[in-house]
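A closer look at the structure
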Amino acid sequence: MSSRKVLTLTLVRNSVGDILLGLKKRGFGEGKWNGFGGKVEPGESILQGAARELTEECGLKAHSLTKVGLLDFDFIDDPMRLEVHVFCTSDYSGTVIETEEMKPKWYKVEDIPFHEMWLDDPIWFSWYLKGGPQFKGYFLYKGLDKIVEQEVKSTDVPRETTSCT
Ligand SMILES: Nc1[nH]c(=O)nc2c1ncn2[C@H]1C[C@H](O)[C@@H](COP(=O)(O)OP(=O)(O)OP(=O)(O)O)O1
């Protein structure tokens with residue numbers, strides 16, 4: 001029996017192209033820098049979940065979100081499967097705040113701290129940064145510190161921007 005979790009991950013960029021990451025202070029991925037997101041709750045859409053998590057974790061309100069990719073994670077000897085829907089936005093308002101879950105910080109793209117992020121991030125991030133159609137990634141982990149299988153590819157599906165209002 002596998003247990004599949006649907007999660008969101010949102011990458012925010014400001015008007016000068018810097019990217020907002022958060023240092024996860026608790027829970028899954030604690031101690032790693034990442035975008036903002038979490039589990040989609042019953043009764044909400046994936047987009048609604050992404051917008052809610054962004055506000056909960058760093059205070060920003062997304063006016064629209066652009067779907068950029070999908071990441072699937074399997075774990076050897078663990079029935080957990082993660083389906084992570086990746087969004088980006090530069091269309092937001094509010095002030096960035098530190099929350100119980102995340103300590104946020106703006107990074108220049110060339111300074112993204114990949115050595116303090118999930119091992120898969122340096123593999124798929126370039127697909128996000130370069131634009132183009134949505135990407136699809138698959139990673140098989142052994143534990144949380146080793147990737148034993150990986151694939152990232154482009155799909156035929158263009159990036160899609162949806163209003164959050
Ligand atoms: N391998 C991976 N690479 C990556 O870049 N992001 C990942 C990842 N695995 C999970 N994530 C993201 C998805 C999501 O944004 C976040 C995990 O969210 P969760 O809601 O599971 O966190 P928590 O365990 O803190 O749960 P809550 O207590 O519900 O907030 O980490």
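Numbers given for residues are sequential positions, taken from 1 along each chain in its written order. Given that the model is predicted, a residue must reach a pLDDT of at least 70 before its local features are reported, and side-chain atom pairs must reach 80 or more before they are shown or counted; all residues, however, enter totals for whole chains, interfaces and linings.

1. A few points about the environment of Met102
Test applied: Counting from the N terminus, the helices are the DSSP runs of H or I reaching at least four residues and the strands are the DSSP runs of E reaching at least two. Counting other C-beta atoms within 10 Å of a residue's own tells you its class, since 20 or more makes it buried, 12 or fewer makes it exposed, and anything in between is partly exposed; those C-beta atoms are placed from the backbone. Once C-beta atoms are placed from the backbone, any two residues with those atoms within 7 Å are in contact.
For Met102, the position within the fold is in strand E8 (residues 102-107). By the C-beta count within 10 Å, which is 25 here, Met102 ends up buried. Note: C-alpha distance between Met102 and Ser2 (100 residues apart in sequence) is 29 Å. Not counting the four nearest positions on each side in its chain, Met102 is found in contact with Gly22, Leu23, Lys24, Lys25, Phe36, Glu57 and Cys58.

2. Considerations on the site of the ligand
Quick reminder of the rule: Nearness here is judged by the C-beta atom: place it from the backbone, and if it falls within 6 Å of a molecule or strand, the residue counts as near that partner. Each residue gets one of three labels, nonpolar for Ala, Val, Leu, Ile, Met, Phe, Trp, Tyr, Cys and Pro, charged for Asp, Glu, Lys and Arg, and polar for the others, Gly among them.
Around the ligand, the surrounding shell holds 16 residues, and the nearest of these are Gly27, Phe28, Gly37, Gly38 and Trp118. Those elements that place two or more of their residues in the shell around the ligand are strand E1 (3-13) and strand E6 (78-89). Per element, the largest residue contribution to the shell around the ligand is 3 residues, and it comes from E1. For the shell around the ligand, the per-class residue count stands at 7 nonpolar, 6 polar and 3 charged.

3. Looking at the nonpolar core
Rules: For this analysis, nonpolar core means a set of buried Ala, Val, Leu, Ile, Met, Phe, Trp, Tyr and Cys residues linked through C-beta atoms within 7 Å.
Among the nonpolar cores identified, the biggest contains 30 residues, and Leu54, Val86 and Tyr128 are the most heavily contacted of them. Those elements that provide at least two residues to this core are E1, strand E2 (19-24), helix H1 (46-58), strand E5 (64-75), E6 and helix H2 (121-129). Among the elements that line this core, the one with the most residues is H1, at 5 residues. The contact partners of Leu54, leaving out residues within four places of it in the chain, are Thr10, Phe36, Leu60 and Ala62.

4. Notes on unusual backbone geometry
One non-glycine residue with positive phi stands out, namely Asp77, at about 65°. Structurally, the position occupied by Asp77 is in the loop between E5 and E6. Residue classification places Asp77 among the exposed residues on the basis of 6 C-beta atoms within 10 Å.

5. Let's talk about the pairing of E6
Note the cut-off: Whether two strands pair depends on DSSP finding at least two bridges between them.
As paired strands, E1 and E6 are joined by 10 bridges and run parallel to one another. Bridge pairing in E6 places Val12 opposite Thr89. Relative to E6, E5 runs antiparallel, the two sharing 9 bridges. Of the residues in E6, the one forming a bridge with Leu70 is His85. Hairpin connection, E5 to E6: the antiparallel pair is bridged by 2 residues, and Asp77 has positive phi, about 65°.

6. Considerations on the confidence of the model for the protein
Spelled out, the test is: Known as pLDDT, the predictor's confidence for each residue is given on a scale from 0 to 100.
Confidence along the protein averages 96 in pLDDT terms, with 99% of residues attaining 70 or more. Taken over the whole predicted complex, pTM reads 0.97, whereas the ipTM for its chain interfaces reads 0.93.

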